[in-house]
Amino acid sequence: MTSINHRLWSLVKKIGFRFSFSYFLLFVLYDLVTRVGSMIQLPIKPHHDFILWVGQTIFKISEERLVVMDNFVDTTFNYMALLCIFIIAIIVALFWTFLDGKRQNYKSLYYWLRVVLRFYLGFIMVNYGLVKLVHLQFPEPSLYTLVNTYGNSSPMGLAWSFLGYSKGYNVFMGLAEVMSLCLFFRRTLTFGLFITLTVTLNVMAINFFYGVPLKMVTSHLVLITLFLMAPNFRSLVDFFFRKKNASLIVLEKPEFLNKKSRRKLVMAMRGLFIVLMFALAAYKLNNRNTLLNGEFTKSKFYGIYDVLSFESIGTKDSTNHRPKKSWKYLIMEYRGQIQLVDSENKVSWFSSSIDSLEHSIQIFNVDNSTESLLLRYERLTNDTIIFKGHINKDSTKITCRQLRKEDFLLMNSKFNLINDQPYIR
């Protein structure tokens, strides 16, 4: 490795650094504050009021479009927040140039900016990776996904089904992202940046081309990675494309780190940061797992109920109320929830209450809890069940065959190292 120590920076380089320093620090600060704020539910959020004021007053954006959402999800509100950060960074860079125009360079500030960006990037990537390692970001396909068609799925839903199907691939993705730990150490920094660039480019591509609303944050993860790699661009091009001897550039440490005691202090702070990062990740994973187990507990009637017959007998006063569409699937995956898919593949959501003693299921319209439907059930065999009730004043009998995840080829397929005849359909 070679050391770099250019004392005199050009005017363009100094102005570019001032803007980059301001922009990246504002972006990182805003992202971390909003992440932590949403996690601990901070009651005071002045940045929300400022961004709303800018959007409504200066850009005349309606209040309905400015939906407040943190963590840089691709909403109009967050694009407005990013624009504010960009404009503030320009203003800061201009004032900084006016007030400090004679400085030769910003080597020390550049060094510490890289430290902040390395630790921010590592923090985000490791957290993303740990969520994948325990298979919490991309769950396996839901029951509704198994009976839905490719054509009726959203691009994001298709991506989530693909990524969530395989626990092994989740572990692979998670390990690749957790390897961003290399960013915390100078010796492994370049290797960590190569891994991080590969991973973030792939994630950014998925977000852009599958309609995942996180394009803003993943684009910045790629941008930060490239910014950190910038000092070695020429060396990397020489090595990979020009067949020249090349060595990596080592940035000169600031004078603050000349004393051994201060270097030990910085190392201790780095170790503390890593410990706190994993502690926070464990806390978030535990909360997320508790939430999922609470809200997504499996229903007692877990399964897909494939409607074999839908018999409706009208009464005298129900001539104008006969159901125009019969049921196709009744899906009971999570406790207290029911999805109803009709013959036109339109899905409706209901809340439910099961009474095992009375052998009945009470179904409530999620938009109007006063509208309910009482169905009594009778199980003929382990896989066949009959529901009876009055729908639109018609006496209705619904015969269903219960399907479980293992009844589907996708969920019942096993890993095969040898495929003499690959099965594709």
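Residues numbered from 1 in each chain as written. Predicted model: local features only at pLDDT ≥ 70, side-chain atom pairs only at ≥ 80, totals over all residues. Heavy atoms only, no water.

1. Observations regarding the overall build of the chain
Item 1. Secondary structure assignment for the chain yields 12 helices and 10 strands.
Item 2. Along the longest, intermediate and shortest principal axes, the C-alpha atoms of the chain span 95 × 65 × 40 Å.
Item 3. Counting only residues that meet the buried cut, the chain has 38% of its 425 residues in that class.
Item 4. Taking contacts inside the chain between residues at least 6 apart in sequence as the whole, the part at least 24 apart equals 62%. (Helix = DSSP H or I, 4+ residues; strand = E, 2+ residues; numbered from the N terminus. Buried < 20%, exposed > 50% of the residue type's maximum accessible area, 1.4 Å probe, protein only. Contact = heavy atoms within 4.5 Å.)

2. Topic: the pattern of salt bridges
Item 1. Using the criterion set out here, one finds 8 salt bridges in the structure.
Item 2. Between D100 and R103 there is a salt bridge, with the nearest N and O atoms lying 2.8 Å from each other. (Salt bridge = Lys/Arg side-chain N within 4 Å of Asp/Glu carboxyl O.)

3. Side note on the sheet that holds strand 6 (residues 347-355)
Item 1. Taken together, the 8 strands give a closed barrel; going around it, the order is 3-4-5-6-7-8-9-10, and neighbouring strands pair in antiparallel fashion. Neighbouring strand axes in the sheet, compared pairwise and without regard to direction, differ in orientation by 30 degrees on average.
Item 2. Pairing of strand 3 (residues 298-313) with strand 10 (residues 394-403), which is carried by 9 bridges, proceeds in the antiparallel orientation. What sits directly across from S309, in strand 10, is T399. (Pairing = 2+ DSSP bridges. Axes fitted to C-alpha atoms, helices over the stretch in contact; angles between N-to-C directions.)

4. With respect to the nonpolar core
Item 1. With 61 residues, the main nonpolar core has F17, F72 and L117 as its most contacted residues.
Item 2. Only helix 1 (11-40), helix 2 (46-58), helix 3 (76-99), helix 4 (107-133), helix 7 (167-178), helix 8 (189-209), helix 9 (215-229) and helix 11 (260-295) provide two or more residues apiece to this core.
Item 3. Sorting elements by how many residues they give to this core places helix 4 first, with 14 residues.
Item 4. Contact partners of F72, with chain neighbours within four places excluded, come to F27, Y30, D31, N78, L82, I85, L214, M216 and V217.
Item 5. Of all hydrophobic cores here, the second largest spans 18 residues; its members include L330, I363, F387 and C400. (Core = buried A, V, L, I, M, F, W, Y, C linked by side-chain atoms within 4.5 Å.)

5. Brief notes about a nonpolar patch on the surface
Item 1. A cluster of nonpolar residues, F86, I87, I90, I91, L94, F95, F98 and L99, forms a patch on the protein surface that exposes about 860 Å² of accessible area.
Item 2. By secondary structure assignment, the location of F86 is in helix 3.
Item 3. Residue F86 is classed as partly exposed on the basis of its relative accessible area of 38%. (Patch = residues over 30% accessible without salt bridge, like charges linked within 9 Å, V, L, I, M, F, W, Y side chains within 5 Å. Areas by Shrake-Rupley, 256 points an atom, 1.4 Å probe, with all protein chains shown as cover.)

6. Comments concerning a positive patch on the surface
Item 1. A surface patch of like charges, here positive, comprises R186, K253, K260, R263 and K264.
Item 2. Following the sequence through the fold, R186 ends up in the loop between helix 7 and helix 8.
Item 3. Its relative accessible area of 35% is what places R186 among the partly exposed residues. (Lys, Arg positive; Asp, Glu negative; His and termini not counted. Charge placed at Lys NZ, Arg CZ, Asp CG, Glu CD.)

7. Some words on the environment of D394
Item 1. Looking at the element boundaries, D394 is found in strand 10.
Item 2. When the C-alpha atoms of D394 and I313 are compared, they prove to be 5.6 Å apart, with 81 residues separating the residues in sequence.

8. Thoughts on the pairing of strand 3
Item 1. Sheet analysis places strand 3 next to strand 4 (residues 327-334), joined by 5 bridges and oriented antiparallel. If you follow I304 over to strand 4, its bridge partner there is I331.

9. Section: the environment of S153
Item 1. Tracing the backbone shows S153 in the loop between helix 5 (143-147) and helix 6 (155-165).
Item 2. Of note is the side chain of S153, whose polar atom sits 2.7 Å from the backbone oxygen of Y150. (Polar contact = N/O pair within 3.5 Å; in protein donor to acceptor, adjacent residues only side chain to side chain.)

10. Observations regarding the confidence of the model for the chain
Item 1. Mean pLDDT over the chain works out to 85, with 91% of the residues at or above the 70 mark.
Item 2. Here residues 315-324 scores under 50 on pLDDT; set against residues more than four positions off or in separate chains, the count is 16 contacts. (pLDDT = per-residue confidence, 0-100.)

11. Focus on the side chain of S299
Item 1. Inspection of the secondary structure assignment puts S299 in strand 3.
Item 2. Not counting the four nearest positions on each side in its chain, S299 is found in contact with M332, E333, Y334, R335 and I354.

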